[in-house]
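Each chain, written out:
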Amino acid sequence: MGQTLFDKIWDAHVVSSNEGFPDILYIDTHFIHEVTSPQAFDGLRARGLPVFRPKQTVATADHNVPTWDQHLPIKEELSRYQVDMLTKNCAEFGIELYGLGHPFQGIVHVIGPELGITRPGGTYVCGDSHTSTHGAFGAIAFGIGTSQVEQVMATQCLLQQRPKRMKIEVNGKLQNGVGAKDIILYIIAQISAAGGTGYAVEYAGDTIRSLSMEGRMTICNMSIEMGARCGLIAPDETTINYVKGREFAPKGEAWDEAVAYWQTLYSDEDADFDSVLSFKAEDIEPMITYGTNPGMGIGVTQHVPETASFEQKQQGSYKKALDYMGLHDDEQLLGKPIDYVFIGSCTNSRIEDLRQVAEFVKGKHKADNVTVWVVPGSKQVQEQAIREGLDKIFDAAGFPLREPGCSACLGMNEDKIPAGKYCVSTSNRNFEGRQGPNSRTFLASPLTAAASAITGVVTDIRSFLKEEELV
Amino acid sequence: MSTKIFKHIQTSVVPLPIENIDTDQIIPARFLKATTREGFGNNLFRDWRYDNEGNPKTDFVLNEPIYSGKILVAGKNFGCGSSREHAAWAIADYGFDAVVSSFFADIFKGNALNNGLLPVQVSDDFLAKLFAAVFADPHAVIEIDLVDQFIKIVATGEQESFEVNPYKKACMTNGYDDIDYILSKKELITEFEEAR
Ligand code: SF4
C-alpha cells in the first residue's frame with residue numbers, strides 16, 4: 001500500500017511512537033507571536049527551562065500592532081505591553097525577533113513563506129490556527145495552544161495523535177473572476193465549518209495544480225475553517241520556483257539535495273485516504289458568506305437560505321446568525337449597501353493579492369459610502385507594492401495602503417469595524433464580533449471586495465469583467 | 001509540573017444550546033492582551049453576556065441566577081475557530097470543570113485537556129436529553145466520571161459512556177502534563193536530530 005504525502009512527512013518527523021500514547025513529533029520551525037507566547041515563556045521560567053532550540057524559533061509582532069504610524073510607540077497600553085514583553089522574552093531566551101520596524105516583520109503566515117523558512121517536507125507550528133497556510137508548500141503545519149507553545153519551546157517536539165487523511169480534489173477550469181478564495185469558500189460551504197474536523201486535508205486536482213503559491217496558501221489557510229487539523233498540497237515546479245533564492249532557502253549543493261528530496265513528496269497512486277471528495281471548478285461562482293461562520297457561504301448571485309430548510313434543532317442557531325447579520329430568509333446579498341472593505345489578513349494580503357486588486361481598481365474610485373483599508377501582510381509586501389507603484393494606484397482609488405499586521409481580521413488593534421456596519425472582508429472569519437463588537441462580516445475574494453468598494457454594494461465581479469472586455 | 005486533577009464531578013449545569021460556538025464568542029480577541037493565564041473568566045462570553053455599556057444582558061444564561069454549576073452544556077461543534085488557549089482558560093477560570101457537547105473542534109479539545117477542563121463528547125440524542133432535563137429542572141444534577149468514562153442524568157439514571165484518549169485520561173486523573181512526558185524522552189530527541 002502506498003503512502004499519502006501527509007504520512008511521508010509525518011513518518012520522517014516521528015521521534016518516538018508508543019502504543020497508547022500520541023506520537024512525539026519533531027518540529028522544524030516554531031513561529032511565535034506576541035499574543036499566544038507570554039504565558040508559555042512564563043511556564044518555561046517556572047520550570048527553569050531554556051528554549052531548547054532557539055535557532056528553530058522565529059518571532060514576529062503582528063496580531064496587536066497598529067497599521068498606521070508604526071514608527072511611533074504603540075498608543076494602546078496593553079498592546080504596547082504585550083509587544084514589549086515579546087521583545088524582552090526573545091532577548092532573554094535568544095530568539096530572533098522580526099519586530100516592528102524590522103524589514104522582515106509581518107503576519108507570521110506571510111513572512112514564513114516569503115523568507116524561505118517554510119519549505120516542502122517540513123513541520124511547522126505556531127500558536128495560531130491559520131498555521132495551516134504553510135501546508136501549501138507540501139508541509140505539515142498546524143496551529144497549537146499556548147501549553148503546546150511551551151511544549152515546543154521546551155522540547156522542539158509536540159505530542160500529537162496522527163489525524164485521519166482526506167483528499168479534496170478540484171478539477172476543471174475556473175470561471176473568469178473566480179479564484180482561490182472562492183474555491184475554498186465553496187468547499188467549506190459544501191462540507192460545513194466542521195466537515196474537516198479530525199483530518200489532514202490534501203488538496204489535489206488540476207485546478208489546484210494551476211494555482212500560484214499565493215493561491216495555494218489562501219486555500220490551505222482556510223483549512224481550519226472546516227475544522228481540519230491542517231491542509232497541504234504536494235510540491236511541484238511552482239513550489240520550487242517560489243522557494244528558490246529566498247532569504248533562508250537552502251543554497252548551492254544543499255539546494256540540489258533539498259529539491260531531490262522534495263520531488264519524492266507526493267501521495268502514491270495507491271495511497272489510502274480515509275475520505276475523498278471531489279468538486280468541479282466550473283460549479284464555483286464568486287463566493288460570499290452571509291452568516292457567522294465560514295461555512296455559511298453562497299454564490300454571490302444566490303439567496304440566503306430559508307430557516308425552514310434547516311433541521312428543527314438547528315433553526316435557533318441559524319436564526320441567531322441571521323439576526324446578528326441583519327438579514328432575512330431568502331434575501332439576496334447582491335446590491336446590498338456596505339460600509340467597509342478590508343483587504344488584508346494572512347488569507348489575502350500577499351503581493352499577488354495586492355497586484356490583482358490594483359490592476360482592477362486602476363482608474364476607478366471607491367464609492368462614497370465605503371471606507372477601504374488595504375493592509376499588506378508584511379513589510380516586504382508593503383515595500384514591494386510601493387516599488388511597483390501600487391500605493392499610488394490605491395491612493396488615487398481611495399484605498400489607502402496601510403502598514404503590515406493582522407488588523408481588522410481580528411480587531412485587536414484599533415482597526416475595528418463599528419457596531420452594525422457591514423464589511424466585505426478578504427479575511428477568513430465572519431464570527432460575531434470578529435472584526436469589532438457587533439460588526440458584520442461578508443467574507444469574499446480580493447476581487448469581489450474591490451468591486452464592492454467601487455460600487456458601494458455587494459457586487460458580482462463578473463459584471464465588471466464583462467463590461468471591461470467590451471471596452 | 002502538575003496540572004489540576006480531574007476524576008469525578010456531580011453538579012448542576014449551565015445550558016447553552018447554540019451550535020458552532022467559536023472561540024471569538026468564548027473570549028473576544030480584544031481581551032487577549034493579558035500576559036498571564038488568570039482573570040479571563042470575567043470576559044467569558046463577553047459580548048453575549050454584557051451590552052456595549054458593560055451592563056449584564058439579563059436573558060443570557062450566565063446572567064440567569066437560576067442556572068449554575070460546574071458543567072457547561074453546549075451545542076454542536078463547540079470551540080471552533082482560533083487556537084487561542086485563552087478560551088479554555090476563560091471557561092476554567094469562570095469555574096467550569098467540564099464542557100459537554102455533541103462535537104468539539106480539534107484544537108479547543110486539546111487545549112481544554114491541557115488545562116484540566118474535561119471536554120465530554122456525547123451523542124446528539126444524549127445532548128438533547130441533557131437540555132431537556134435542565135430546561136425541565138434548572139437544578140438537575142449531572143454526574144461525570146472520568147475514571148469509568150460515563151456521564152449520567154442523576155434523577156433518571158440515563159447515562160452514556162464517552163471516549164477519551166487513554167494517555168490524556170492518565171494525565172488528567174494524575175495531574176501529569178505533556179512536557180514532563182516528552183522531557184522523559186529527551187535523549188531520543190537529540191538522537192533524532194543527530195540522525196537527520
Ligand atoms: S491575519 Fe487574522 S487569521 Fe491571520 S494570523 Fe492574523 S489574526 Fe490570525
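Residues numbered from 1 in each chain as written. Chains lettered and ligands numbered in written order. Predicted model: local features only at pLDDT ≥ 70, side-chain atom pairs only at ≥ 80, totals over all residues. Heavy atoms only, no water.

Q: Account for the overall build of chain B, with residues named and values stated.
A: Summing up its helical and strand segments, chain B has eight helices and seven strands in all. Here the C-alpha atoms of chain B give a radius of gyration of 18 Å, agreeing with the 16 Å that 2.2 N^0.38 yields for 196 residues. Oriented by its inertia axes, the alpha-carbon framework of chain B measures out at about 60 × 45 × 25 Å. Look at the contacts in chain B between residues 6 or more apart in sequence, and 66% of them connect residues 24 or more apart. Carbon and sulfur atoms provide 50% of the accessible area of chain B, an area that totals close to 7800 Å². (Helix = DSSP H or I, 4+ residues; strand = E, 2+ residues; numbered from the N terminus. Rg over C-alpha atoms; globule rule 2.2 N^0.38 Å. Contact = heavy atoms within 4.5 Å. Areas by Shrake-Rupley, 256 points an atom, 1.4 Å probe, with all protein chains shown as cover.)

Q: Outline the state of the cysteines, supporting the account with residue identities and numerical values.
A: All names here are of chain A. In this structure the tally under the stated criterion is zero disulfides over all chains. With no disulfide of its own, Cys-423 has Cys-409 as its nearest cysteine by sulfur position, at a separation of 10 Å. Note on Cys-423: relative accessible area 0%, which makes it buried. (Disulfide = S-S within 2.5 Å. Buried < 20%, exposed > 50% of the residue type's maximum accessible area, 1.4 Å probe, protein only.)

Q: Provide a residue-level description of helix α15 (residues 446-455) of chain A, including the pertinent values.
A: Residues and elements named next belong to chain A. α15 sits mainly inside the fold: nine of its 10 residues count as buried. Looking only at α15, the buried set comprises Pro-446, Leu-447, Thr-448, Ala-449, Ala-450, Ala-451, Ser-452, Ala-453 and Ile-454. Backbone geometry just downstream of α15 places Gly-456 in the positive-phi region, at approximately 85°.

Q: Please provide a residue-by-residue account of the packing of aromatic side chains, values included.
A: Under the defined criterion, the tally for this structure stands at 28 aromatic pairs over all chains. For the ring pair B:Phe78 and B:Phe104, a centre distance of 6.2 Å and an interplane angle of 80° mean the geometry is edge-to-face. One end of the pair, B:Phe78, is in the loop between β2 (71-74) and α3 (86-94); the other, B:Phe104, is in the loop between β3 (98-101) and α4 (106-113), and 26 residues separate them in sequence. Its relative accessible area of 0% is what places B:Phe78 among the buried residues. Following the ring pairs from residue to residue traces out a cluster consisting of A:Phe21, B:Tyr167 and B:Tyr181. Directly above the ring of A:Tyr266 sits A:Lys8, whose terminal nitrogen or CZ lies 4.2 Å from the centroid. Residue placement shows A:Arg53 over the ring face of A:Phe52; its charged tip is 4.0 Å from the ring centre. (Phe/Tyr/Trp six-rings, centres within 6.5 Å; stacked < 30°, edge-to-face > 60°. Lys NZ or Arg CZ within 6 Å of the ring centre and 35° of its normal.)

Q: Give a description of the sheet that holds strand β4 (residues 57-60) of chain A that names residues and reports values.
A: Residue and element names in this part refer to chain A. Reading across the sheet, the five strands line up as β5-β4-β3-β6-β7 and stay open at both edges, with parallel pairing between neighbours. Sheet topology places β5 (96-98) and β7 (140-143) at the edges, where each strand pairs with a single neighbour. The sheet shows a mean angle of 20° between the axes of neighbouring strands, taken without regard to direction. Alignment of strand β3 (residues 29-32) against strand β6 (residues 123-126), held across three bridges, turns out to be parallel. Across the sheet, residue His-30 finds its bridge partner in β6, namely Val-125. Across the sheet, helix α5 (residues 146-155) lies against β3 and β6, angled at about 135° from β3, the strand it touches most. (Pairing = 2+ DSSP bridges. Axes fitted to C-alpha atoms, helices over the stretch in contact; angles between N-to-C directions.)

Q: Pulling in residues and values, what's your account of helix α10 (residues 252-262) of chain A?
A: Helical periodicity: at 3.6 residues per turn, an α-helix aligns residues three or four positions apart in one direction. Residues and elements named next belong to chain A. Along α10, the residues classified as buried are Trp-255, Ala-258, Val-259 and Trp-262. The arc that holds every buried residue of α10, seen down its axis, measures 100°, which confines them to one face. Pointing more than 90 degrees away from the buried face of α10 are the exposed residues Glu-253, Asp-256 and Glu-257. As for α10, its buried residues are in contact with α9 (237-243). (Arc of directions from axis to C-beta.)

Q: Give me the interface of chain A and chain B: which residues, what numbers.
A: Each partner contributes to the interface: chain A provides 71 residues, whereas chain B provides 55 residues. Regarding the contact of chain A and chain B, the summed buried area is about 5000 Å², with carbon and sulfur atoms giving 57% of it. The interface formed by chain A and chain B contains eight salt bridges. Joining chain A to chain B, the criterion identifies 27 residue pairs in polar contact (both at pLDDT 80 or more). Elements with a contribution of two residues or more to the side of chain A that touches chain B: β1 (14-16), β2 (23-26), α2 (38-47), α3 (77-93), α5, β8 (157-160) and α11 (312-325) of chain A. (Buried area = accessible area lost by both parts, 1.4 Å probe. Salt bridge = Lys/Arg side-chain N within 4 Å of Asp/Glu carboxyl O. Polar contact = N/O pair within 3.5 Å; in protein donor to acceptor, adjacent residues only side chain to side chain.)

Q: Now, about the confidence of the model for chain B: what can you tell me, with residues and values included?
A: Note: predicted coordinates in regions of low pLDDT should not be interpreted at a detailed level. The predicted model of chain B has a mean per-residue pLDDT of 95, with 99% of residues at 70 or higher. Here the predicted complex scores 0.95 on pTM and 0.92 on ipTM. (pLDDT = per-residue confidence, 0-100.)

Q: An account of the packing of helix α12 (residues 351-361) of chain A against helix α14 (residues 390-397) of chain A is needed here, citing residue identities and associated values.
A: All names here are of chain A. At a minimum axis distance of 9 Å, the contact between α12 and α14 shows a crossing angle of 50°. Comparing the axis directions of α12 and α14 gives the class oblique. Considering how the two elements wind past one another, α12 and α14 form a crossing that is left-handed. Where α12 approaches α14, its residues Ile-351, Leu-354, Arg-355, Val-357, Ala-358 and Val-361 are matched on the opposing element by Leu-390, Ile-393, Phe-394 and Ala-397. (Parallel < 35°, antiparallel > 145°, perpendicular 65-115°, else oblique. Left-handed = near helix turned anticlockwise from the far one by under 90°.)

Q: Just give me the short version of the pattern of salt bridges, but keep the residues and values in it.
A: Residues and elements named next belong to chain A. All chains considered together, the criterion is met by 36 salt bridges over all chains. Of the charged contacts in the structure, one is a salt bridge between Asp-7 and Arg-165, with a shortest N-O distance of 2.8 Å. Taken together, the residues span a long stretch of sequence, with Asp-7 in helix α1 (residues 5-11) and Arg-165 in strand β9 (residues 164-171) at a distance of 158 residues. Of the two residues, Asp-7 and Arg-165, neither departs from the other in class, the shared state being buried.

Q: I'd like to hear about the pairing of β6(A), residue by residue, with values.
A: All names here are of chain A. Here β6 shows a buried face lined by Thr-123 and Val-125 and a second buried face lined by Tyr-124 and Cys-126. Across four bridges, the pairing between β6 and β7 is parallel. Residue Cys-126 lies in a different strand from β7, and its bridge partner there is Gly-143.

Q: Kindly report on the side chain of B:Glu19, identifying the contributing residues and their values.
A: Here B:Glu19 lies in the loop between β1 (8-16) and α1 (23-26). Lacking a salt bridge, the buried B:Glu19 has A:Lys313 as its closest oppositely charged neighbour, with an N-O distance of 5.8 Å. Among all residues touching B:Glu19, those that are not within four sequence positions of it are A:Lys313, A:Gln314, A:Ser317, B:Gly75 and B:Lys76. (Lys, Arg positive; Asp, Glu negative; His and termini not counted.)

Q: How would you summarise the nonpolar core if you had to cite specific residues and measurements?
A: Judged by nonpolar contacts, the single largest core of 110 residues is most densely connected at A:Phe399, B:Phe45, B:Phe78 and B:Ile144. Excluding its chain neighbours within four sequence positions, the residues that come into contact with B:Phe78 are B:Ile21, B:Ile26, B:Phe45, B:Leu72, B:Ile91, B:Val99, B:Ser101, B:Phe103, B:Phe104, B:Ala105 and B:Phe108. Formed by 79 residues, the second largest nonpolar core is a distinct cluster that contains A:Leu49, A:Ile140, A:Val149 and A:Met217. (Core = buried A, V, L, I, M, F, W, Y, C linked by side-chain atoms within 4.5 Å.)

Q: Quick one: what's the story with the side chain of A:Arg350, residue by residue and with numbers?
A: Residue and element names in this part refer to chain A. Position of Arg-350 among the secondary structure elements: in the loop between β15 (340-343) and α12. A distance of 3.1 Å separates a polar side-chain atom of Arg-350 from the backbone oxygen of His-109. Side-chain polar atoms of Arg-350 contact the backbone oxygen of Cys-346, separated by 3.0 Å. If we ignore the near neighbours within four places in the chain, the residues touching Arg-350 are His-109, Val-110, Thr-133, Glu-214, Met-217 and Val-381.

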